[in-house]
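Below are the chains, spelled out letter by letter.
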Amino acid sequence: MASRNLGRHIFGQILLNNGRKNVFKFSGAHARCMSTQGEFIITEKKGEKQNVGFIQLNRRKALNALCDGLMKEVEAAIDTFEADDSIGCIVLTGGEKAFAAGADIKEMKDKEFAQVFKGNFLTYWNRLAGCKKPVIAAVNGFALGGGCEIAMMCDIIYAGENAQFGQPEITIGTIPGAGGTQRLCKAIGKSKAMEMVLTGNRINAQEAEKAGLVSKIFPVDQVVDEAIKTAEQIAGFSNVTTGMCKEAVNAAYEMSLAEGLHFEKRLFHATFATNDRKEGMTAFLEKRKPNFTDS
């Protein structure tokens, strides 16, 4: 916990102090703000209201291989955006050729059992899945191994037409270690997941959409903008309510139907303790746009 708080503090200072390298991008209505570049990722606030947190994996020569340093920067960025009340949704993306081609094999090759067991290797990757705010993955190119796993940690996946998903760990003598055998099965069913995990075969964007792994497919040059557009829509609602929605849907994976329905009902009841529920219903009856205050 101490290291996470330290990482958030350091990353927050980078954002406040303009970071090591700041650039301005003007590639459309959704990209009009300052970006902060770390060693392995670029972060920005995007959207007309600057209410979308944007994280781009930026290790392109290595096809965004997920080294320890990269994932710790992602963890710190999630901490920072989650603590920022102006951010209502987060978009995670990579490059056009690769979202992330997997974990860094060079970094893992010489590790031994005792080391990875005692260090609980890869556990901190789950910070992405544990983010309280909605996260959208905008995937172009390869999303393989760990890349597929971190995409599945997100709440929504948008895919470019060139996207490829796979869990090829079997081909290097290991198995998925960050959710590939679990989240993939829940997303596309046992038979298809088992085939992918046991063969290492990939599926393309069209197959992934058909199987239910991704929500929508877009042209390669549009998928990020479309993800930001959806993120802006989500961020325009009450952040308290979107957090409840996310928690309720995720609970469906962990509970029986009866337990899930009970949990959903209690969260529904809880919205009646919020100002935003009252404002939303009042605005609807008065035929005006609601003014949510995240309270």
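Residues numbered from 1 in each chain as written. Predicted model: local features only at pLDDT ≥ 70, side-chain atom pairs only at ≥ 80, totals over all residues. Heavy atoms only, no water.

**Some words on the sheet that holds strand β11 (residues 203–204)**
For step 1, the next point in the chain: Taking strand neighbours across the sheet as the criterion, the four strands line up as β6-β8-β10-β11 in an open arrangement whose pairing is mixed. In the strand order of this sheet, the two ends are held by β6 (98–100) and β11, each with one partner.
For step 2, the next point in the chain: Looking at chain direction, strand β8 (residues 142–144) and strand β10 (residues 164–166) are connected through three bridges and run parallel. Each residue of the ladder has a partner; that of A143, found in β10, is F165.
For step 3, the next point in the chain: Contacting β6, β8 and β10, helix α5 (residues 146–153) crosses the sheet at an angle of about 90° to β8. (Pairing = 2+ DSSP bridges. Helix = DSSP H or I, 4+ residues; strand = E, 2+ residues; numbered from the N terminus. Contact = heavy atoms within 4.5 Å. Axes fitted to C-alpha atoms, helices over the stretch in contact; angles between N-to-C directions.)

**Examining the packing of aromatic side chains**
For step 1, the next point in the chain: Counted according to the given criterion, the structure contains three aromatic pairs.
For step 2, the next point in the chain: Centroid distance F268 to F272: 5.4 Å. Interplanar angle 80°. Geometry classified as edge-to-face.
For step 3, the next point in the chain: The ring of Y124 carries K72 above its face, with NZ or CZ at 5.9 Å from the centroid. (Phe/Tyr/Trp six-rings, centres within 6.5 Å; stacked < 30°, edge-to-face > 60°. Lys NZ or Arg CZ within 6 Å of the ring centre and 35° of its normal.)

**Describing the nonpolar core**
For step 1, the next point in the chain: In this structure, I150, F165 and L213 are the most contacted members of the largest nonpolar core, which totals 47 residues.
For step 2, the next point in the chain: The biggest single contributor to this core is helix α2 (residues 68–83), with six residues.
For step 3, the next point in the chain: In this structure, V52, F54, A138 and V223 belong to the second largest nonpolar core, which totals 14 residues. (Core = buried A, V, L, I, M, F, W, Y, C linked by side-chain atoms within 4.5 Å. Buried < 20%, exposed > 50% of the residue type's maximum accessible area, 1.4 Å probe, protein only.)

**Digging into the environment of A251**
For step 1, the next point in the chain: If you trace the backbone, A251 turns up in helix α10 (residues 239–251).
For step 2, the next point in the chain: Separated by 12 residues in the primary sequence, A251 and F263 place their C-alpha atoms 8.0 Å from one another.

**Re the side chain of T93**
For step 1, the next point in the chain: Mapping T93 onto the fold places it in strand β5 (residues 89–93).
For step 2, the next point in the chain: With residues near it in sequence (within four places) discarded, T93 still touches F54, I55, Q56, L57, F99, A138 and V224.

**Focus: unusual backbone geometry**
For step 1, the next point in the chain: A positive phi angle, close to 55°, is found at Q50, a residue other than glycine.
For step 2, the next point in the chain: Positionally, Q50 belongs in the loop between β3 (41–46) and β4 (52–57).
For step 3, the next point in the chain: Q50 sits in the partly exposed class, given a relative accessible area of 27%.
For step 4, the next point in the chain: With phi around 55°, D294 is a residue other than glycine that occupies positive phi space.
For step 5, the next point in the chain: By secondary structure assignment, the location of D294 is in the segment after α12 (275–285).
For step 6, the next point in the chain: What makes D294 partly exposed here is its relative accessible area of 33%.

**Considerations on the confidence of the model for the protein**
For step 1, the next point in the chain: In the predicted model, the protein carries a mean pLDDT of 88, and the fraction of residues at 70 or more is 88%.
For step 2, the next point in the chain: For residues 1–33, every residue scores under 50 in pLDDT, and the model assigns this stretch 57 contacts once sequence neighbours within four places are set aside. (pLDDT = per-residue confidence, 0-100.)

**Considering the pairing of strand β9 (residues 156–160)**
For step 1, the next point in the chain: The element β9 is extensively covered by neighbouring structure, given that four of its five residues are classed as buried.
For step 2, the next point in the chain: Bridge count for strand β7 (residues 135–139) against β9 is four bridges, and the pairing is parallel. For V139, the partnering residue across the bridge sits in β9 and is A159.
For step 3, the next point in the chain: Pairing analysis gives three bridges linking β9 to strand β12 (residues 216–218), with the strands arranged parallel. From the neighbouring strand, Y158 faces β12, where its bridge partner is K216.

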